[in-house]
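For reference, the chains in residue letters:
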Amino acid sequence: MESKYQLQNYSYLRGAENKNPDMKHNNIVIMAGGVGSRLSPISTPEKPKQFLDLLDCGETMIQSTYNRFLAADPQASVWVVTSEKYIQFVREQLPMIPVDQILTEPVGRGTASCAAYACWKIRKADPESVITFTPSDAYLPDTVGFKKTFLEMTGFLESRKGVVCIGIRPTEPNTNYGYIQAPAAQGVVRVNNFKEKPNLETAKLYYAEGCYFWNAGIFSWDASSLEKEIRRFLPATAAIMDELRPSFLTVTEASEVDRLFPSCENISIDYAIMEKTDCAYMAQGRWEWNDLGTLSALEAVKKKIQK
């Protein structure tokens, strides 16, 4: 019986066939397992916001995310990590992604475990690639500007180790976003600190200081550094992935994932790694962005589009 996780002829490496052999291959991991509870009742556990056409533009949020990254790098390999109960939506809305590149989690264990699963599996056949993780539901209309930022991030990692995240210049003291403290400069800069969602008073201070940026939740790792930092800060999860690794690309993978994945630590990658790592950099996204996390944010964006 064929495993739903079994890779067929290493399909996720097909995008690398025409890539310059001296360049690292880009793997894009779309994280699409959340339920979008803050956007209730529009977003529901049965069909969350990433699978909805929230902006009435003719494509769902996850389709927009896919198209944005393929416009930035047509040769990239795209993965989706999602809940088992949402796999039908991914297959319906992104039929161009081979089923072997859709990783399904039996239970949600936060973005750190999501990243670990994708990292270990990608590295089994593509050990020195660049892996970019992205939410599946952000509003980001400037595809040309985004491409410039994305290539800046991944280009930086051609010759350096670490992680590059995207920071957005705040337009208000918003308490719904995490913040990145970094120099306001052109190019990729070293991150000084990550700050989780502040209260309003603190958000006002961040906004006034000018060296704090909204964390867009998009980050690119060189694959070896990501595995190293997971081993460093999440050793128990790394041990589970090591136990899973022999089953990757085999018919036993599905049952092994179902057996072992629920034991992974339930934590976000922001708390587990990004706030602790000493190899973090930031590229500034100089374009409009919104995570559409609340009803008020969604309404504001829709009104702007309709003008």
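The paragraphs below set out a description of the structure included in this document. (Residues numbered from 1 in each chain as written. Predicted model: local features only at pLDDT ≥ 70, side-chain atom pairs only at ≥ 80, totals over all residues. Heavy atoms only, no water.)

Here's the deal with the overall build of the protein chain
Part 1: A tally of regular secondary structure across the protein chain gives 10 helices and 10 strands.
Part 2: Relative to the 2.2 N^0.38 estimate, which gives 19 Å for 307 residues, the radius of gyration of the protein chain is 19 Å and therefore close to what a compact globule would have.
Part 3: Counting only C-alpha atoms and orienting by the principal axes, one finds that the protein chain spans roughly 55 × 40 × 40 Å.
Part 4: Contacts in the protein chain between residues at least 24 apart in sequence constitute 77% of all its contacts with a sequence separation of at least 6.
Part 5: Computing the positive centroid from 34 side-chain charges and the negative centroid from 37, the protein chain places the two 3 Å apart. (Helix = DSSP H or I, 4+ residues; strand = E, 2+ residues; numbered from the N terminus. Rg over C-alpha atoms; globule rule 2.2 N^0.38 Å. Contact = heavy atoms within 4.5 Å. Lys, Arg positive; Asp, Glu negative; His and termini not counted. Charge placed at Lys NZ, Arg CZ, Asp CG, Glu CD.)

Structural notes on helix 3 (residues 110-125)
Part 1: For helix 3, the buried fraction is high: 12 of the 16 residues fall into the buried class.
Part 2: Residues of helix 3 that are buried include every one of A112, S113, C114, A115, A116, Y117, A118, C119, W120, K121, I122 and R123, and no others. (Buried < 20%, exposed > 50% of the residue type's maximum accessible area, 1.4 Å probe, protein only.)

Some details on the environment of G34
Part 1: Assignment of secondary structure puts G34 in the loop between strand 1 (26-31) and helix 1 (61-72).
Part 2: Residues within four places of G34 in sequence aside, it is in contact with P48, Q50 and Y86.

Quick notes on the side chain of H25
Part 1: Along the chain, H25 falls in the segment before strand 1.
Part 2: Separated by 2.7 Å, the side chains of H25 and S77 make a polar contact. (Polar contact = N/O pair within 3.5 Å; in protein donor to acceptor, adjacent residues only side chain to side chain.)

Considering the pairing of strand 5 (residues 163-168)
Regular strands show a simple pattern: their side chains alternate between the two faces of the sheet.
Part 1: Burial runs high along strand 5: 6 of the 6 residues are buried.
Part 2: Going residue by residue along strand 5, you find V163, C165 and G167 tucked away on one face and V164, I166 and I168 tucked away on the opposite face as well.
Part 3: Pairing between strand 5 and strand 9 (residues 212-222): 5 bridges, direction antiparallel. Residue V163 lies in a different strand from strand 9, and its bridge partner there is W221.
Part 4: Relative to strand 10 (residues 280-285), strand 5 runs parallel, the two sharing 6 bridges. Bridge pairing in strand 10 links C165 to M282. (Pairing = 2+ DSSP bridges.)

Observations regarding the environment of I273
Part 1: With respect to the element layout, I273 can be found in helix 9 (residues 269-274).
Part 2: Taking the relative accessible area as the measure of exposure, I273 reaches 1% and is therefore buried.
Part 3: Ignoring any residue separated from it by four or fewer positions in sequence, one finds I273 in contact with W221, E229, I230, F233 and L234.

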